[in-house]
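# What the coordinates show
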Amino acid sequence: MKSIENKEEGSDEESGLGYQNTLMYGRYQRDLSEAAREEARRLRRLRKKRRRDDKLRQKELAATGKPRPRGKFFKVLGYIWRHTFARLGEDWIFLAVLGIITAILNFAMDRGIAICNNARMWMYNDLATSTFSQYVAWVSLPVCLILFAAGFVHIVAAQSIGSGIPEMKTILRGVHLKEYLTFRALISKLIGLTATLGSGLPLGKEGPSVHIASMVATLLSKLVTTFQGIYSNESRNSEMLAAACAVGVASCFAAPVGGVLFSIEVTTTYFAVRNYWRGFFAACCGAIMFRLLSVWSGAMPTIKPLFPTNLPQDFPFDPQEFAVFVLLGVVCGLLASLWIWLHRQYVLFMRNTKTLSNFLQKNRFIYPGFITLAVMSILFPPGIGKYMAAVLGNQEQVLSLFANFTWSDELTAEQASIVSHWRTPEVEYWGCLIIFFFSIFFLSMVSCTLPVPAGIFVPAFKMGASLGRFTGEVMHYFCPLGVAYGGHIQKILPGGYAVVGAAAFTGAVTHTVSTIVIVSEMTGQVTHLLGIMAAVLAANAVAALLGPSCFDSIILIKKLPYLPDLLSSASRMYDICVEDFMVREVKYIWNRMTFQQLKDLLKENKAIKSFPLVDSPASMVLLGSIHRWELVRVIERQVGRSRRLQVAAQWHRRALQDEARARTRRPSRFEVTPAPDMLHAPGTGMTRGSSLTTKDQGGLLPSPGQLFRPKSILKKTNSFTLTRGLASPPPQATTPSPASSPAQVYSTVTGAETRIRAAFEAIFRRSTLLQDVEGGLSDQLTPGLPRSPSINKKVQLPRERVCDMSPEDQKAWEQLEMAKEIDFDRMLGIARKRDLLPEDSEYEDETLYICHIDPAPFQLVERTSLLKVHSLFSTLGVSRAYVTAIGRLIGVVALKELRKAIEDVNSGVLTVATRPSPPTTPLPTIIKVPSTQPAPPSDSETAKLTTSEKT
């Protein structure tokens, strides 16, 4: 019965070493090395669990973003940069590299597109023998390329779909769009755009080129930031992105001046003049490199315009033709607005049709495959494609439309070969021009909706050129000798009308006037500059009156956080104030809040990146704002792993001091001495009445008197008594009483409980001294004792032990720490003193994390008009502003609320009559404090005192 009770008491501690109670004494079934390995595995699992919990806490509270590692490579690169290129001017080198890299990428894409187009034409002309085989060859390669582009873009980076200019407008506005300027998006854009344009669909590359240049600028800025901190500034990044937009257009069309102006008009609302030279220099480097690569590759004999023309310079057009140019601009504005409206309605129809939308989302390749098959079937040359010169590429089509001769006159052999693509036995050239215009009009509108990288500039350019060519041919038909002016008669040149129409239509679609310069640089002539200006201005006026540009329309479709323009005729924008549309339920932090309250606030509002700091919830006096990441660092500094290990080490040192203090007390007469059980070692010749000496047991267990606390003999243990007359009792084993003789020492040996404690204390207290268990045990065992079979196994003991808390202690400690208050006033005071005296170490406090507090966030008063708010947000690039009333925080307004208010004002939904009434805020209570000082004398009392003194 007694043995059963003893077995139940020691079962918990003995289970680690597999202690088994036998009939007489009992023995261990597992050796010490196995128990050590199992304990090490348990501790390793515990460390992984704690590390996983720490990461989970950071993931719940912190924003996304990982710090970039700084290695030796970046240090060496930074040293080389500072001593070589940085001396020549950082911006100059950076912009030159940006232009060169963008030009190389654009040239590589052009070569890939040319290879795909040549392969398609080779399959159509040489490989196929019948009409059906020609049709299969005509549509098979484009369908495969589009499906590949759609799948590749979807897998690598879906942010590269589309043009890219609407996203760049939003990014330059100050809004961070996730994953739009990454390396994955760059690779996806390059390969996807090459496959898309190589298919032959009526799409362009101008918008994607702007996006590619912006991604290259961002990646270069990140690279330079690793060894040069100047490019980590947010304003510097925006300057480089503005220059990159100009580089994209310049390297695409070899038009540096027009590229700079186009980037200013399209991407920015308010342009900083200091970025002007950056855009010109980078665009010039990109355009020169792009044309040089064309010459070096043999594609062109020398540097020349992209679409060269030979319009006469002595008398390009009659002054009466200005009216026709303006009329052509008006028609281009109307048709461009119709194209934008139809495109938006088509996208909204596809999106709002839930059944069709869900089906196409589940089957992503059906829509691009079907649309590509339909478009290429329409463009099939033996079919409808013979009326629109489908066998010609984009550049050949534009060059034939810009041809400097009239298609209805007597033609040479070379001219007849050009016109043969635009004339059929059934339809004359003007009918082919009309069919070409409307085919590109609808096919480009549908093709732009494909989930692939694509632009709209080139299709709009071709539509305008065909419309202008048709106008010129009609003018020549009615006025074959030209328009007489001043006795001089000059024939009408339809090629000039094509140039004017191309500039007017692209300007109307994009709502820009920089197409005047782009077309002049692309054609290499300025003879029709005044006519182009008149047509473009007229087209812009009509298009701006009827609707937004194509880029603004895409912003509305995608619901990007971009501010629309206020209508100048809407006088309501002066009457609507910020208090009419601000958010009144503000999530804020306050001084002396607890860490637990801060943690709950961060977990409940994961989308908020910055929180306002107020004095107290009662006063609501705005003190500043703190970024979310800084607040996460505050919590991590309070209950993080480093702080927990520091506290655990302090607890451990305190426990060791208490233990050392307890050992120095007077020893007891009834001290218990533990001894090892060597029965499991075969061949030792040991009996229950024998014992090991201190030398023998040194390799197995440390000296018992050094590690084990004295144990009362009154406590129930599995113990037995050895016989008298030990061979050589250890000096610290017992403390003999005065009545006992040294030869007869009574030594009580504890059982399994003490052996387990001795084993683990021996392992974890002496782990810093044992480098290898195999060598330590084998050398210290006596030569006469055979080694156990499991002794040869290695036990990997930790070289550096980390003292940590148990899970229960950790939970209790975290609850205690999270209940403490945060002293933001102290943080702000120490930060200010450090700024004033940076070398003074008096204000250093290792226990307090000094978070960065913005003491002056952007603020508005409640009566600020909508016009002023729009101007401030657009000029300064502000993303949010706090609304205060006499210093008290009453609301916050962000881009979302401001954009909604502008749309409501422009549409007439938000007016003075319909605006919400502000809630009545109680006036602050005025407390009159009685003064202990006497009141100053009045004027009459002062006069009486003065007269009395005189008398």
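Scroll up to find the structure.
These remarks concern the structure in this document. (Residues numbered from 1 in each chain as written. Predicted model: local features only at pLDDT ≥ 70, side-chain atom pairs only at ≥ 80, totals over all residues. Heavy atoms only, no water.)

### Considerations on the overall build of the protein chain
For the protein chain, the helix and strand inventory stands at 35 helices and 11 strands. A buried classification covers 46% of the 951 residues belonging to the protein chain. When contacts within the protein chain are restricted to residue pairs at least 6 apart in sequence, those whose partners lie at least 24 apart make up 76%. Summed over its atoms, the accessible surface of the protein chain is roughly 49,900 Å², and 60% of this surface lies on carbon and sulfur atoms. (Helix = DSSP H or I, 4+ residues; strand = E, 2+ residues; numbered from the N terminus. Buried < 20%, exposed > 50% of the residue type's maximum accessible area, 1.4 Å probe, protein only. Contact = heavy atoms within 4.5 Å. Areas by Shrake-Rupley, 256 points an atom, 1.4 Å probe, with all protein chains shown as cover.)

### A word on the pairing of strand β11 (residues 888-894)
In terms of residue burial, β11 counts as a mostly covered element, since five of its seven residues are buried. In this structure, strand β10 (residues 880-885) lies alongside β11, joined through six bridges in antiparallel fashion. Paired with Ala885 across the strands is Arg888, a residue of β11. (Pairing = 2+ DSSP bridges.)

### Points about the sheet that holds strand β8 (residues 853-854)
Across the sheet, four strands lie side by side as β3-β4-β5-β8; this open sheet has mixed pairing. With one partner strand each, in any of the chains shown, β3 (589-590) and β8 form the two edges of the open sheet. Note that β3 and strand β4 (residues 610-614) share two bridges and pair parallel. Along β4, the bridge assignment pairs Trp590 with Val614. Helix α26 (residues 628-639) rests against β3, β4 and β5 (622-627) of the sheet, and its axis sits at about 80 degrees to β5. (Axes fitted to C-alpha atoms, helices over the stretch in contact; angles between N-to-C directions.)

### Some thoughts on the environment of Glu579
Of note, Glu579 is situated in the loop between α24 (550-558) and β3. Taking relative accessible area as the criterion, Glu579 reaches 14% and is therefore assigned buried. With 286 residues separating them along the chain, Glu579 and Ser865 place their C-alpha atoms 9.1 Å apart.

### Examining helix α27 (residues 641-663)
For α27, built from 23 residues, the straight-helix expectation of 33 Å at 1.5 Å per residue is met to within 8% by its first-to-last C-alpha distance of 33 Å. Arg644, Leu645, Val647, Ala648 and Glu659 are the residues of α27 that are buried. (Expected span 1.5 Å × (residues − 1).)

### As for the packing of helix α14 (residues 321-352) against helix α19 (residues 429-447)
The N-to-C vectors of α14 and α19 enclose an angle of 35 degrees; their axes lie 9 Å apart at closest approach. Crossing hand, α14 versus α19: right-handed. Judged by residue contacts, Leu335, Leu338, Trp339, Leu342, His343 and Tyr346 of α14 engage Phe437, Phe441, Phe442, Ser444, Met445 and Val446 from α19. Considered class by class, the residues forming the contact of α14 with α19 number 10 nonpolar, two polar and no charged. (Left-handed = near helix turned anticlockwise from the far one by under 90°. Nonpolar A, V, L, I, M, F, W, Y, C, P; charged D, E, K, R; others polar.)

### A look at the pattern of salt bridges
Scanning all chains against the criterion turns up 13 salt bridges. Taken together, the shared-partner salt bridges connect Arg592, Glu821 and Asp823 into one network. (Salt bridge = Lys/Arg side-chain N within 4 Å of Asp/Glu carboxyl O.)

### Remarks on a nonpolar patch on the surface
A surface patch of nonpolar side chains, amounting to about 490 Å² of accessible area, comprises Val513, Val526, Leu529, Leu530, Met533 and Leu537. Residue classification places Val526 among the exposed residues on the basis of a relative accessible area of 57%. (Patch = residues over 30% accessible without salt bridge, like charges linked within 9 Å, V, L, I, M, F, W, Y side chains within 5 Å.)

### A few points about unusual backbone geometry
Note: most peptide bonds trans; most residues except glycine with negative phi. If you check the backbone angles, Ala254 has positive phi at about 55 degrees while not being a glycine. Tracing the sequence through the fold places Ala254 in the loop between α11 (234-253) and α12 (256-267). Even without being glycine, Arg592 reaches a positive phi, approximately 70 degrees. With respect to the helices, strands and loops of the structure, Arg592 is situated in the loop between β3 and α25 (595-604).

### With respect to the environment of Met121
Position of Met121 relative to the elements: it lies in helix α6 (residues 90-127). Using a relative accessible area of 19% as the deciding quantity, one classes Met121 as buried. Separated by 13 residues in the primary sequence, Met121 and Gln134 have C-alpha atoms spaced 9.9 Å apart. Those residues in contact with Met121 that lie beyond four places of it in its chain are Asp126, Trp138 and Val391.

### Overview of the packing of aromatic side chains
This model, assessed by the stated rule, comprises 23 aromatic pairs. Directly above the ring of Trp138 sits Arg120, whose terminal nitrogen or CZ lies 4.8 Å from the centroid. (Phe/Tyr/Trp six-rings, centres within 6.5 Å; stacked < 30°, edge-to-face > 60°. Lys NZ or Arg CZ within 6 Å of the ring centre and 35° of its normal.)

### A closer look at the sheet that holds β11
Strand order in this open sheet of three strands is β9-β10-β11, and the pairing throughout is mixed. The strands lining the two open edges of the sheet, one partner per strand, are β9 (859-861) and β11. Averaged over all adjacent pairs, the angle separating strand axes in this sheet is 35 degrees, with direction ignored. Of the strands in this sheet, β9, β10 and β11 are in contact with helix α33 (residues 866-876), which crosses β9 at around 170 degrees.

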